[in-house]
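Observations on chain architecture
Listed here are the chains, written in short residue letters.
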Amino acid sequence: MKYILVTGGVISGVGKGVIASSFGTLLKSCGLDVTSIKIDPYINIDAGTFSPYEHGEVYVLDDGGEVDLDLGNYERFLDVTLHRDNNITTGKIYQLVIEKERKGEYLGKTVQVVPHITDAIQEWVERVADTPVRGESKPQVCIIELGGTIGDIEGMPFVEAFRQFQFRVKRENFCCAHVSLVPSPSSTGEPKTKPTQSSVRELRGFGLSPDLIVCRSEKPIGSEVKEKISNFCHVAPDQVICIHDLSSIYHVPLLMEQNGVIEFLNERLQLNIQPSKREKCLQKWKDLARRSETLRKTVNIALVGKYTKFKDSYASVIKALQHAALAVGYNLNLNFIDSSLLENETLQDAPSKYHKEWQLLCESDGVLVPGGFGSRGIEGKIKACKWCRENRKPFLGICLGLQAAVIEFARNVLGLEDANTTEINPKTANPLVIDMPEHHTGQMGGTMRLGKRTTIFSEEPSIIKQLYGNPKTVDERHRHRYEVNPKYVPQLEEQGLRFVGCDDTKQRMEVIELRNHPYYVGTQYHPEYLSRPLKPSPPFLGLILASVGRLPNYIARGCRLSPRQQSDASSDEDDLQITAKINNLKLNGGSTFLTPNGISRAGGELFLNGTSSVEASDTESGSKPLNGGGV
């Protein structure tokens, strides 16, 4: 097993996660199996009880692990499935050691940070590094990101553990990369290397000598600066890599490859990468980066949430929207709308903010209402759902977003004016959303419905089912404490709000879809967690397609994007051709419209299973989703 430790200096948030992911991307593109571990020095057992304003979103894994958002970067970049143990915290390590001590496994010895805590860290890393994350094959390289910055008191046990670990696994199997900030003060405009020098000196003082120094800067730094860092930090000039701010994170692996990182790691870790594999490295990433630079059109999406002041609170949602927009050939312009500013109280207290937020919402091409907890801003989300329903605006609701859509429909269509969720009003006469059995009052951590669960689609046709490829079931990740009250489902469906997906007990509603609407979909699960740059999530893809008016043509094609759309984002020629062919159906009488099954003609033949009523050369029988089911 080969190990690459990524540490950070000067400031936190310098980009260690993307750098670590890029190391993995480079090696994976060369045919190596790669896994990742994220170390967070905080004492929390996991990220599940964090406020989104603390560390951003809580990322959920297949096994239900609530982890740091950097593991989302790893999964998206490497297209692997990580596990809860791939996220190490101080709390987990101390809990493990204390449990052993209580069982008497230390034979009466005094339990200390060294050697017991440091040994536990090393054993954990070795065990997790051998756990398969893609199929059954064991990984060959493990990328380890140490959170925080060198010198933090809470990170000391981990630094000491890796000082020992480098000798435990031998030099040819261990490499250290240090990510540091090279600031350029506006007063001088000159890159300053002193923070990096101090950071590396501190790291070396703890017994770890960096093999690579990755310099983060606003603009590219010249060879003189790199040579200066080389002289003062005891590394060769070609071991100093500059990663300046780029237009897209997809360019980071490419820039690292241009700086000879693959060649260095191949020699340093004796990876035996064949020259033929190196020549083919990163072709998909190069195509992806090139496409991201050639987009000429923009789609405007409004994200109506509660934690909009900190964008990392919705990191996976943002990435999923970007993946879908890129697949369709559009730049994403994401407008963050604080849902509490859409409420009547804001109209009274701050009318200018109220009207400004509503204007952003009204000018959007599509609306997304993500998950959240608590009462603040819930009425604003409900108002946004109502506006999308009444104005036929493409809409996607996730978790709480689905619940808000159901409550709004009950209030304004069923006439249940006091409809609510028991999370907000436990005494409501019409509890449309209720507590789940997994929710144990008084204990918050790990008590929700978490991880990958199966959703069963109903037999009736639906647009969202087609976007997935017409499967009977789909597996997606969950994180919620409340669910739609099944008692109200018949009333809601009678008025047109269809529940097209449920769990295996058929008591928990998973997916809603509104009849006679361009795209009004809600999911109780979180589809954003399984979105990938080259495999966008179907619900997000449907939202983007509907927002740019291409969903009918996409379904007419059998849920396939045209080659022209994928290679030349500036042309709508193929879509126009299909639209013209669909419109030609009107010559034989009746009107053409979008149905959950595809394109249909009133008074004529109905085309099912996603097959369009265009010429056979333009489509084929059955639906083919862009990401093979999205799971």
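Further up the page is the structure itself.
Starting afresh in each chain, residues are numbered from 1 along the sequence in its written order. A pLDDT threshold of at least 70 governs which residues receive local features in this predicted model, and a stricter bar of 80 or more applies before side-chain atom pairs are shown or counted, although totals over entire chains, interfaces and linings include all residues. Water and hydrogen atoms were dropped before computing side-chain values, which therefore reflect all heavy atoms in the structure.

Pairs were defined over the aromatic rings of Phe, Tyr and Trp, the Trp ring being its six-membered one, requiring ring centres within 6.5 Å. Orientation was assigned from the angle between planes: stacked under 30 degrees, edge-to-face over 60, tilted for the rest. Tallying each qualifying case throughout the model produces 12 aromatic pairs. Summarising the aromatic geometry, the rings of Tyr3 and Phe165 are spaced 4.8 Å apart at their centres and angled 80° between planes, so their arrangement reads as edge-to-face. Residue Tyr3 is located in strand β1 (residues 2-8), and its partner Phe165 is located in helix α6 (residues 156-168); the two are separated by 162 residues in the primary sequence. Of the residues examined, Tyr3 reaches a relative accessible area of 4% and is grouped as buried. Counting from the N terminus, the helices are the DSSP runs of H or I reaching at least four residues and the strands are the DSSP runs of E reaching at least two. Only protein chains enter the accessibility calculation, which uses a 1.4 Å probe; a residue whose area is less than 20% of its type maximum is buried, one above 50% is exposed, and one in between is partly exposed.

For a helix, the expected span equals 1.5 Å multiplied by the residue count minus one. Between its terminal C-alpha atoms helix α17 (residues 400-412) stretches 18 Å, which fits the 18 Å expected from 13 residues at 1.5 Å a residue. Summarising burial for α17: 12 of the 13 residues are buried, a large majority. When we look at burial in α17, the residues that qualify are Leu400, Gly401, Leu402, Gln403, Ala404, Ala405, Val406, Ile407, Glu408, Phe409, Ala410 and Arg411.

This part covers the pattern of salt bridges. Just to be clear on terms, a salt bridge is a Lys or Arg side-chain nitrogen sitting within 4 Å of an Asp or Glu carboxyl oxygen. Following the criterion strictly, the structure yields 30 salt bridges and no others. Arg102 is the partner of Glu101 in a salt bridge, and the nearest nitrogen-oxygen pair spans 2.7 Å. What makes Glu101 partly exposed here is its relative accessible area of 30%. Arg498 is paired through a salt bridge with Glu513; the nearest N and O atoms lie 2.7 Å apart. Of this pair, Arg498 sits in strand β19 (residues 497-502) while Glu513 sits in strand β20 (residues 509-514), and the two are 15 residues apart along the sequence. Here Arg498 matches Glu513 in class, with each residue buried.

Glycine aside, negative phi is the norm for most residues, and most peptide bonds take the trans geometry. A cis amide bond links Val114 to the next residue, Pro115, at an omega of 20°. Looking at where Pro115 falls in the secondary structure, it is placed in helix α5 (residues 113-129). Phi is positive for Gln270, which is not a glycine, with a value near 50°. Assignment of secondary structure puts Gln270 in the loop between α10 (261-268) and α11 (275-279). Not every positive phi belongs to a glycine, and Asn470 is a case in point at roughly 55°.

With that settled, the discussion passes to the pairing of strand β2 (residues 34-40). Taking burial as the measure, the 7 residues of β2 include 7 buried ones, the bulk of the element. Summarising the sheet, β2 and strand β6 (residues 141-146) pair through 6 bridges and their orientation is parallel. Across the sheet, residue Lys38 finds its bridge partner in β6, namely Glu145. DSSP bridges decide pairing: two strands pair if at least two such bridges lie between them. Inspection of the sheet shows β2 paired to strand β5 (residues 87-89) by 3 bridges, in the parallel sense. Among the inter-strand pairings, Lys38 is bridged to a residue of β5, identified as Asn87.

To count toward a patch, a residue needs a relative accessible area over 30% and no salt bridge; like charges are then connected within 9 Å, while nonpolar side chains (Val, Leu, Ile, Met, Phe, Trp, Tyr) are connected within 5 Å. A 1.4 Å probe and the Shrake-Rupley method give the accessible areas. Residues count as covered only by the protein chains that appear here. Among the surface-exposed residues, Tyr94, Ile98, Val113 and Val114 lie close enough to one another that they form a single nonpolar patch of about 320 Å² accessible area. Every element with two or more residues in the nonpolar patch is listed here: α4 (90-102) and α5.

Moving on, we come to the sheet that holds strand β12 (residues 366-369). Here 9 strands make up an open sheet; going across it, the order is β11-β10-β12-β13-β21-β20-β19-β16-β17 and the pairing mixed. Lying at the two open borders of the sheet, with one neighbouring strand each, are β11 (331-338) and β17 (473-480). Each adjacent strand pair in this sheet contributes to an overall mean axis angle of 25°, direction not counted. Where strand β10 (residues 298-305) meets β11, 8 bridges bridge the pair, whose relative direction is parallel. Looking across to β11, one finds that Ile301 is bridged to Leu334. Contact criterion: two residues are considered in contact whenever any of their non-hydrogen atoms come within 4.5 Å of each other. To obtain each axis, a line is fitted to C-alpha atoms, and for helices this fit is confined to the stretch in contact; angles are then taken between N-to-C directions over 0 to 180 degrees. On top of the sheet, helix α13 (residues 315-328) reaches β10, β11 and β12; it is set at about 150° to β11, its chief contact. Sitting on the sheet, α17 is in contact with β12, β13 (395-398), β19, β20 and β21 (520-523), with an inclination near 115° to β13.

With respect to burial, strand β9 (residues 240-244) is a largely interior element, 5 of its 5 residues being buried. A two-sided burial pattern is seen for β9, the buried positions comprising Val240, Cys242 and His244 on one face and Ile241 and Ile243 on the other. Two elements, strand β8 (residues 212-217) and β9, share 5 bridges in a ladder whose sense is parallel. Considered in β9, the bridge of Ile213 is made with Val240. When the strands point away from the viewer, a crossover counts as right-handed if the route from the first strand across the helix to the second turns clockwise. Crossover handedness for the path β8 to helix α8 (residues 223-233) to β9: right-handed.

Take helix α1 (residues 16-29) next. With 14 residues, α1 extends 20 Å from end C-alpha to end C-alpha; this agrees with the ideal 20 Å at 1.5 Å per step. Here α1 has its buried residues at Lys16, Gly17, Val18, Ile19, Ala20, Ser21, Ser22, Phe23, Gly24, Thr25, Leu26 and Leu27.

Once that is clear, we can look at the side chain of Thr35. Within the secondary structure, Thr35 sits in strand β2. Among all residues touching Thr35, those that are not within four sequence positions of it are Leu82, Asn86, Ala129, Val133, Pro139, Val141, Cys142 and Ile143.

For the rest of this paragraph, the subject is the sheet that holds strand β18 (residues 482-484). Pairing in this open sheet of 3 strands is mixed, and the strands run β14-β15-β18 from one edge to the other. Unpaired on one side and paired on the other, β14 (419-421) and β18 mark the two borders of the sheet. Going across the sheet, the axis of each strand differs from the next one's by a mean of 25°, ignoring polarity. The pairing of β14 with strand β15 (residues 430-435) spans 3 bridges and is parallel. Counted as the bridge partner of Thr421 is Val433 from β15. Contacting β14, β15 and β18, α17 crosses the sheet at an angle of about 160° to β14.

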